[in-house]
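# Coordinates in review
Residue-level listing of the chains:
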Amino acid sequence: MNIKILGTGCARCGQLEKTTREVVKELGIDAKVEEVNDMRQIMTYNILTTPGLVINEQVVSSGKVPSKAEVTQLIVNSLAKEERTKAI
Amino acid sequence: MVDKNIISEAAAASVAAETRVPKQRRNLYIILGSCLALWGLVYYWLKPAADFLTYDVFNLSASSHLGSSVAFFLYDAPKVILLLVLIIFGVGIVRSFFTPERTRQMLAGKRQFVGNIMAAGLGIVTPFCSCSACPLFIGFVETGVPLGVTFSFLIASPMINEVAVVLLYGMFGWKIALMYIVTGLVIAITAGWVIGKFKLERFIEGWVHDVNLSPSGGENSGMKFEDRVNYGLNAVREIVGKVWPYVLAGIAVGAVIHGYVPDGLLASFMGKDAWWGVPAAVLIGVPIYSNAAGVIPIVQALMEKGAALGTVLAFMMSVVAISLPEMIILRRVLKWQLLGVFIGVVALGIIIVGYLFNALL
């Protein structure tokens, strides 16, 4: 799984990154979490507000700092999707 | 596998949540209603409680410097915090109906002027923080929102924010709060309109046009009432959690000025008759970066001591509307000419408003 945090280094973006890393650690999944700071790269995801959360190249949240429970839910949903595509 | 378990648990939880909804919603209404009643009660008793603490418990005299400072602080600090909680919650509920994506859809292809008016209005209710100014700007301009209209949005949004309006209402009363909103809107509309007239599109950084965007619409109409309440509560937690130290510090400084600075001291250089007062206030205000929460209580105390309303309002608007960090962020997408025009037009608008208020009141 590939997770990206889109943000230009504001406090809210850092908060999202921290939460995401915590969730990944707690779920014990094999995921790569990376920050994307470059404005041009951020804009390729077509978001209007930062911070953005991208899982497997899909924007799942933008413009807010989701709670830990929400991040967990988003990651779990994407895991389920991954499983389904593997099964096919 | 760890994840399979989590998935089934999450699914079970969401099914259980569906069946609980009607009863939960009734409880939610009851809780919200009682919170509001409690809020009203506390607000009503603030003044007597603050006076009782100051004059009876601490045994301070009402005519002493310390007494008037302490009474001022004990009444104003909790009052402003209470107002902030209520209004930010309410605004949060309203904002849950708006997303930047939807605002963009409404503004795309709008003509000048009508578009400027809409953009300034939407700037008030659309949630976005200043660190998003860049992606927002690109997202708007590259999907057909005219440049001037985009600027109306970017000017109105930070200037007319709920924290500023609450503090103005709490410390100056509703008339001045309303005047601030109306003049703020007028500045945002005309400044955006003027920038649009100048045809400055060539001063947008070149790489912005290489970005390929499709105007996707964010959908959030599916939010339930519970989600909106949650959204409001989150807004309260996030905003009040951030601004309360500024509010307290601002009111503390204001309280000291209130108690110790002699009346009329500031009239000579911040009063109506000093013609250079307004531009000086704007010049000082532009580089200062603070939120409204810290500035307004100080400004209120200054006014009490003889500073003119127009001068004070101009100072406040320039602190809130034009901030150095936001300009640095915007420099990435705007060439300096355009950034200069932006700052110049807004500063000029604020100066005119300042003179206007000094002349009228």
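These numbers come from a predicted model, not from an experiment.

Take the overall build of chain B next. Along its length, chain B carries 16 helices and zero strands. Across its three principal axes, chain B shows a C-alpha extent of roughly 70 × 55 × 35 Å. Across the 361 residues that make up chain B, the buried fraction comes to 40%. The contacts in chain B between residues at least 6 apart in sequence include a share of 86% that link residues at least 24 apart.

What follows deals with the packing of helix α6 (residues 147-159) of chain B against helix α8 (residues 174-197) of chain B. Residue and element names in this part refer to chain B. Packing of α6 against α8 brings their axes to within 7 Å, and their N-to-C directions diverge by 155°. With respect to each other, α6 and α8 are oriented roughly antiparallel. For the crossing formed where α6 meets α8, the hand is right-handed. In this structure, α6 uses Leu147, Gly148, Val149, Phe151, Ser152, Ile155, Ala156 and Met159 to contact α8, whose residues at the interface are Gly184, Leu185, Ile187, Ala188, Ile189, Ala191, Gly192, Trp193, Ile195 and Gly196. For the contact of α6 with α8, the class distribution of residues is 13 nonpolar, five polar and no charged.

Here the focus is the domain arrangement of chain B. All names here are of chain B. Under the domain assignment used here, chain B contains domain 1 (18-96 + 225-243) and domain 2 (111-214 + 248-360). Domain 1 and domain 2 are separated by 27 Å when their C-alpha centres are compared. Contact with domain 1, which involves 19 residues of that partner, is made by 19 residues of domain 2. The set of elements that each furnish at least two residues to the side of domain 1 that touches domain 2 consists of α2 (65-95) and α10 (225-260).

Time to look at the confidence of the model for chain B. Of the residues in chain B, 90% reach a pLDDT of 70 or more, and the chain-wide mean stands at 84. Two numbers describe this predicted complex: its pTM, 0.83, and its ipTM, 0.84.

Next up on the list: the nonpolar core. Residue and element names in this part refer to chain B. The biggest cluster of nonpolar side chains holds 113 residues, and the ones touching the most others in it are Ile155, Leu167, Ile296, Met316 and Val346. In terms of residue count, the dominant contributor to this core is α2 (eleven residues). Lining this core are residues from two domains, each supplying at least three of them: domain 1 (18-96 + 225-243) and domain 2 (111-214 + 248-360).

Before going further, it helps to spend a moment on the environment of B:Val353. Structurally, B:Val353 is set in helix α16 (residues 336-360). A sequence separation of 240 residues divides B:Val353 from B:Phe113, and the C-alpha atoms of the two residues are 20 Å apart.

With that out of the way, let us pick up the sheet that holds strand β4 (residues 58-62) of chain A. All names here are of chain A. Reading across from one edge, β2-β1-β3-β4 is the order of the four strands in this open sheet, with mixed pairing throughout. Single-partner strands in this sheet number two, and they are β2 (32-36) and β4. Strand-to-strand twist in this sheet, taken as the mean axis angle between neighbours without regard to direction, amounts to 20°. Here helix α1 (residues 11-27) sits on the sheet in contact with β1 (2-6), β2 and β3 (52-55), set at roughly 160° to β1. On top of the sheet, helix α3 (residues 68-87) reaches β3 and β4; it is set at about 25° to β3, its chief contact.

Another aspect to go through is the interface of chain A and chain B. Listed as interface residues are 20 residues of chain A and, on the opposing side, 23 residues of chain B. Residue assignment for the side of chain A that touches chain B shows that the elements contributing at least two residues are α1, α2 (39-43) and α3 of chain A. Partitioning the side of chain A that touches chain B into residue classes produces eleven nonpolar, seven polar and two charged.

With that settled, consider the pairing of β2(A). All names here are of chain A. Relative to β2, β1 is paired through five bridges, and the arrangement is parallel. If you follow Ile5 over to β2, its bridge partner there is Glu35. Handedness of the crossover joining β1 and β2 through α1 is recorded here as right-handed.

With that out of the way, let us pick up the confidence of the model for chain A. On average, residues of chain A carry a pLDDT of 89, and 100% of them reach 70 or more. Within chain A, the element-level pLDDT minimum falls on α2(A), averaging 86, and the maximum on β1(A), averaging 93.

Let us now look at the pairing of β3(A). Residue and element names in this part refer to chain A. Side chains of β3 alternate between two faces, with Gly52 and Val54 and Leu53 and Ile55 buried alike. For β3 and β4, the ladder comprises four bridges, and the chain directions are antiparallel. Bridge assignment links Leu53 to a residue of β4, and that residue is Ser61. Linkage of β3 to β4, two consecutive antiparallel strands, is achieved through a turn of two residues, within which Asn56 is found at a positive phi near 45°.

Thresholds applied
- Residues numbered from 1 in each chain as written.
- Chains lettered and ligands numbered in written order.
- Predicted model: local features only at pLDDT ≥ 70, side-chain atom pairs only at ≥ 80, totals over all residues.
- Helix = DSSP H or I, 4+ residues; strand = E, 2+ residues; numbered from the N terminus.
- Buried ≥ 20, exposed ≤ 12 C-beta atoms within 10 Å, placed from the backbone.
- Contact = placed C-beta atoms within 7 Å.
- Axes fitted to C-alpha atoms, helices over the stretch in contact; angles between N-to-C directions.
- Parallel < 35°, antiparallel > 145°, perpendicular 65-115°, else oblique.
- Left-handed = near helix turned anticlockwise from the far one by under 90°.
- Nonpolar A, V, L, I, M, F, W, Y, C, P; charged D, E, K, R; others polar.
- Domains from an automatic or database assignment.
- pLDDT = per-residue confidence, 0-100.
- Core = buried A, V, L, I, M, F, W, Y, C linked by C-beta atoms within 7 Å.
- Pairing = 2+ DSSP bridges.
- Right-handed = clockwise from strand over helix to strand, strands pointing away.

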